[in-house]
Amino acid sequence: MVLQSGTKRILKLTPDGLEQILDVLHKIGFETIGPTLGNDAIVYETIGSIDDLPQGWTDKQEPAAYRIIKRNDQAYFGFNAAPQSWKRFLYPPDRTLFRIRRKGKGLEFMEQEENTAELALIGVRPCELEAITIQERVFTSSEQRDDSYLAVRKKLFIIAVNCTSSGGNCFCASMNTGPHAKENFDLALTEVVNANEHFFIVEIGSETGLSVIHDVESAEPTEDEVETAAGLVRQAESQIRKLDLDTTPKLLSANLEHPEWDEVSKRCLACGNCTMVCPTCFCSTVEDTTDLSGKLAERRRRWDSCFTLDFAKVAGGNFRTSPRSRYRQWLTHKLSSWVDQFGKSGCVGCGRCITWCPVGIDITAEVQKITGT
Amino acid sequence: MSETFVDTGTETGTAMVPSFATIRKITWETDDTFTLIIDAPQVNGLPFSFKPGQFNMVYAFGTGESAISISSDPFKKSVIAHTIHRVGTVTSHLSRLKRGDMIGIRGPFGSAWPLDKAAGKDVCIVTGGIGIAPLRPTIYSLLRKRSEYGRIIILYGARSPLDLLYRVELEEWSKMPDVEVIVAVDRGDSSWKGHIGVVTNLFSYIKLDPRASIAMVCGPEVMMKFTIEELQRRGFAQSQIHVSLERNMKCGIGLCGHCQLGPKFICKDGPVFALPDVQYLLERKEL
Ligand SMILES: Cc1cc2nc3c(=O)[nH]c(=O)nc-3n(C[C@H](O)[C@H](O)[C@H](O)COP(=O)(O)OP(=O)(O)OC[C@H]3O[C@@H](n4cnc5c(N)ncnc54)[C@H](O)[C@@H]3O)c2cc1C
Ligand code: SF4
Ligand code: SF4
Ligand code: FES
């Protein structure tokens, strides 16, 4: 069909149309990555077709609890934030920075293979999309740059999926990051599935998105169909958990000695799970090794967590020994100093830190206690 | 990419990749502190150039990197110096290197001491231990353009007489007109005729007009705390006090998160700060 003109180009697609999109992406050289069913959880992996998607499954998330269960429909995207975010595709948990060889008295760099795969991410949630944008900001705002993030980001093709119901720990609505993706995608889908029909409303967000969908079978949606999809997304806006985006940054930095820091640190195990699952946490460390001959050295960058005991250690002492100070560093960085550093909150409200905290510490509840809101 | 010197341009994510530099000379300053003089590497194809107070990430082959201040004269372009206190893995490895060996350098990174702001003023430098290293380039710069500044007062504290760094230079500087160098040690020895005690005691031996002076402070965090208090007691405005802070650093360029103090990245917003930018943060325990 001919594409509708106007600023927002909206189409209707059947599941078969989505399959065709994957085919187009494969043909032009993209590796497609999307949600799959694995290890009793939703896992982002390479997918070959829509048959690899976790059709008919959903997840149930509560503080310290996650499980997947069957839905009573055949939705492809009927779940929320997967345990691991897309972070690892743009910012790998373990990356070789360089390898050096001894040569006589001197040293020389060794050739390094760069991963040149072009990735298409299928099913990025609005909050996750925002997390990608936030990390891009982090990795490009220094004068001295590490462009490895940008190199992957620039080549990404992103199919966002709007949420039509929210998970137990989601609070994207109050963080203004979801449940509807507004920008930074190539295509955005809203899935509509009911007794009679199963289709996607597609918003086109970029020229690449337009060209990918150009030859795919699609239809012009009726106003009713567009409204049905929009209504489902609005429904996802009602969430139990909330954070006040405007007052939280200032109130947190004004309450650095609040007694709740002591209380929460009695429960926090300082395990760092929250930082590992968080889609915006970016801290890293480096590890240097040599081979057995001592002639070949390698330096790797790995994800690190501000919860580790030696994170702030220096030769003369350790700036953050108590779990209280480490929890405080995490929370205040995420929700307060991040705003000073990068102009925006470092939290997108995906709820992962609540789900995957082994003792179920709820970031929104902690903020409410500490800021008295 | 197999030549010995590789251009580490920033286009391809290489701000994390060092340039190689050859050690020209190693001088032991004390039992546990040495100065590495290295051929200045090229950075992005340009000659190495730095401002006093900036640091490099210094890489020991296969062992790791440490943030080390540049301690040489910024006007000398062909070599740079690092004065290093041997405290752990990387600094020990560096201490075992010989002339002709190669190390890796990323930098220069970070902010500089405010030499512009010091113009026309008396400059009071207060340092302890290895803290004198990042201030030596400042001293060289002040001396080079001597007429642009007022008096230079250097208060320096060390553990013992044997731990004093740059002894010969300290003596030379002290003989220059309008330069005062006063040293205190925690523990003296039989030959020591100077002051014993903490560096803040030395303020009673100098005259300072706080309105016409600027202070630059670097040393262990407790020493800086007491020095700041003393300077404020003597009428220094917060804005005339500058400090250089140390934190754990893995990247030096604002990416690894390790060096944060509240909203500041010490590596890129610092390490040198005007006191009003950090005092409210330093007052908090374990921030
Ligand atoms: C901006 C800046 C400038 C500095 N300038 C100098 C200088 O001119 N001369 C000098 O001798 N030292 C300087 N330091 C301190 C120096 O970086 C550390 O002493 C050094 O990294 C310790 O490394 P190591 O491997 O020898 O010790 P390690 O084996 O790492 O261990 C010693 C201790 O230091 C801690 N540590 C690890 N990484 C760092 C780190 N990046 N910074 C501080 N402590 C760390 C370890 O956790 C451990 O407790 C500077 C530090 C900063 C932040
Ligand atoms: S802090 Fe928690 S809710 Fe916010 S983005 Fe990170 S994991 Fe998600
Ligand atoms: S808040 Fe929870 S997940 Fe995070 S470090 Fe503490 S115990 Fe672990
Ligand atoms: S040293 Fe890595 S962010 Fe400052």
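Within each chain, residue numbers correspond to sequence positions counted from 1 in written order. Lettering for chains starts from A, numbering for ligands starts from 1, and both go in the order in which the items are written. Local features in this predicted model are restricted to residues whose pLDDT is 70 or higher, and side-chain atom pairs enter the listing and the counts only when it is 80 or higher, whereas totals over whole chains, interfaces and linings include all residues. For side-chain calculations, the full set of non-hydrogen atoms in the structure is used, while hydrogens and water are omitted.

Participant: Requested: an account of the sheet that holds strand β7 (residues 79-85) of chain B, with residues and values cited.
Facilitator: All names here are of chain B. Here, any two strands with at least 2 DSSP bridges between them count as paired. A run of H or I in DSSP becomes a helix once it reaches four residues, and a run of E becomes a strand once it reaches two; helices and strands are each numbered from the N terminus. A sheet is described by the order of its strands in space; here six strands give the open sequence β6-β5-β8-β1-β2-β7, paired in antiparallel fashion. The open sheet terminates on both sides in strands that have one partner only, identified here as β6 (64-69) and β7. The average angle at which neighbouring strand axes cross in this sheet is 40 degrees, direction not considered. Sheet topology places strand β5 (residues 55-60) next to β6; six bridges connect them, and they run antiparallel. Looking at β6, one finds that asparagine 56 is bridged to isoleucine 68. Axes, fitted as lines to C-alpha atoms, cover a helix only where it is in contact. Angles between the N-to-C directions of the axes lie from 0 to 180 degrees.

Participant: Could you give me a rundown of the domain arrangement of chain B, with the residues and numbers involved?
Facilitator: Residue and element names in this part refer to chain B. Each domain's extent was defined by an automatic or database domain assignment. Each assigned domain of chain B is listed here: domain 1 (12-109) and domain 2 (115-244). Each of domain 1 and domain 2 was reduced to a C-alpha centroid, and the two centroids are 25 Å apart. Tallying the contact residues gives 19 residues for domain 1 and 17 residues for domain 2. When domain 1 packs against domain 2, close to 1300 Å² is buried across both sides, 61% of that on carbon and sulfur atoms. Three residues stand out in domain 1 for area buried against domain 2, namely Pro52, Ser71 and Phe75, and they jointly supply 32% of the buried area on that side. Whenever a carboxyl oxygen of Asp or Glu lies within 4 Å of a side-chain nitrogen of Lys or Arg, that contact is scored as a salt bridge. For the pair domain 1 and domain 2, the interface holds two salt bridges. Of the charged contacts in the structure, one is a salt bridge between arginine 144 and aspartate 73, with a shortest N-O distance of 2.7 Å. Any two residues having at least one pair of non-hydrogen atoms within 4.5 Å are treated as being in contact. Using a 1.4 Å probe, buried area is obtained as the accessible area two parts lose upon being combined, added over both of them.

Participant: Tell me about the domain arrangement of chain A, and name the residues and values.
Facilitator: All names here are of chain A. Domain assignment breaks chain A into domain 1 (3-94 + 110-239) and domain 2 (248-288 + 302-371). Of note, the centres of domain 1 and domain 2, computed from C-alpha atoms alone, are 28 Å apart. Listed by partner, the interface residues are 34 residues for domain 1 and 32 residues for domain 2. Of the roughly 2700 Å² buried at the junction of domain 1 and domain 2 (both faces included), carbon and sulfur atoms supply 61%. Contact with domain 2 buries surface across domain 1, with Lys87, Ile134 and Phe171 losing the most and accounting together for 20% of the total. The salt bridge involving glutamate 130 is made with lysine 344; its shortest N-O contact spans 3.0 Å. By the criterion applied in these results, polar contacts are pairs of N or O atoms within 3.5 Å in which, for protein atoms, one can donate a hydrogen and the other can accept it, and in which residues neighboring in sequence qualify only through two side-chain atoms. Counting every contact that joins domain 1 to domain 2 gives 23 residue pairs in polar contact (both at pLDDT 80 or more). The set of elements that each furnish at least two residues to the side of domain 1 that touches domain 2 consists of β4 (57-62), β5 (65-70), α2 (87-90), α3 (126-140) and α5 (172-175). Here the side of domain 1 that touches domain 2 gets nine residues from one element, more than from any other, and that element is α3. In this classification, the charged set is Asp, Glu, Lys and Arg, the nonpolar set is Ala, Val, Leu, Ile, Met, Phe, Trp, Tyr, Cys and Pro, and all remaining amino acids, among them Gly, are polar. Among the residues forming the side of domain 1 that touches domain 2, the class breakdown is 20 nonpolar, seven polar and seven charged.

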